[in-house]
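So the chains spell out like this:
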Amino acid sequence: MEQLLCNRANEFGDSLAVVDGEHRFKYKEILAKADILAADPLKKGLGVEDPVGIVAGPGWQQIIAQVAVLRAGGTSTPIDPSVPDIQLHAMLGELSIRFVMTTKNLSARVSQF
């Protein structure tokens, strides 16, 4: 999957890849943002195929987070941000998730990860 995305970005880097309302991203922008996001878990020891929780609604932030996890070598585990905190924490614990990607407005809910 990552290789397909990279090939597409190399071939059509300036082409529109994601449109989400007024947010628009080209292939090369998606990879650049994902690489920035992927750097932190890699520095902190994310292993190959380690699960990474993604607590974000559908849209461009979810897409960039999933690409970042791919680029870092982990496995995406999308979690609906509307679940109650107790259920969210239980899910993250059951899946042995050490790293969570989320939005600023949801970060307090997963600060211990």
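Please refer to the structure placed before this passage.
Remember, it's a predicted structure, so these values are computed and weren't measured experimentally. (Residues numbered from 1 in each chain as written. Predicted model: local features only at pLDDT ≥ 70, side-chain atom pairs only at ≥ 80, totals over all residues. Heavy atoms only, no water.)

Caption draft 1: Representation of the environment of L106 in the model. By secondary structure assignment, the location of L106 is in the segment after β5 (99-102). In the structure, L106 is positioned 71 residues away from D35 in sequence and 21 Å away in space, judged by C-alpha atoms. (Helix = DSSP H or I, 4+ residues; strand = E, 2+ residues; numbered from the N terminus.)

Caption draft 2: Structural context of the pattern of salt bridges. Across all of its chains, the model carries five salt bridges by this definition. A salt bridge links D85 to R109; the shortest N-O distance between them is 2.4 Å. Residue D85 is found in helix α4 (residues 85-94), and its partner R109 is found in the segment after β5; the two are separated by 24 residues along the sequence. The class for D85 is partly exposed, based on a relative accessible area of 37%. For R109, a relative accessible area of 18% gives the class buried. (Salt bridge = Lys/Arg side-chain N within 4 Å of Asp/Glu carboxyl O. Buried < 20%, exposed > 50% of the residue type's maximum accessible area, 1.4 Å probe, protein only.)

Caption draft 3: A look at the nonpolar core. In this structure, I30, V52 and M101 are the most contacted members of the largest nonpolar core, which totals 21 residues. Looking at this core, the elements with two or more residues in it are α1 (2-12), α2 (27-43), β3 (51-55), α3 (60-72) and β5. Setting aside chain neighbours within four positions, we find V52 in contact with L46, V69, T75, S76, T77, I97, F99 and M101. (Core = buried A, V, L, I, M, F, W, Y, C linked by side-chain atoms within 4.5 Å. Contact = heavy atoms within 4.5 Å.)

Caption draft 4: Seen up close, the packing of aromatic side chains. This structure, assessed with the given rule, holds one aromatic pair. Measuring from centroid to centroid gives 5.2 Å for F25 and W60, while their planes differ by 35°, and the two rings are tilted. Of the two residues, F25 is situated in strand β2 (residues 23-26) and W60 in helix α3; the sequence distance between them amounts to 35 residues. (Phe/Tyr/Trp six-rings, centres within 6.5 Å; stacked < 30°, edge-to-face > 60°.)

Caption draft 5: Region of the structure containing a nonpolar patch on the surface. Taken together, the side chains of M1, L4 and L70 present a nonpolar region at the surface, about 340 Å² in accessible area. Of note, L70 is situated in helix α3. (Patch = residues over 30% accessible without salt bridge, like charges linked within 9 Å, V, L, I, M, F, W, Y side chains within 5 Å. Areas by Shrake-Rupley, 256 points an atom, 1.4 Å probe, with all protein chains shown as cover.)

Caption draft 6: How the structure looks around the environment of K33. Of note, K33 is situated in helix α2. For K33, the residues in contact, after removing those within four places along its chain, are F25 and I64.

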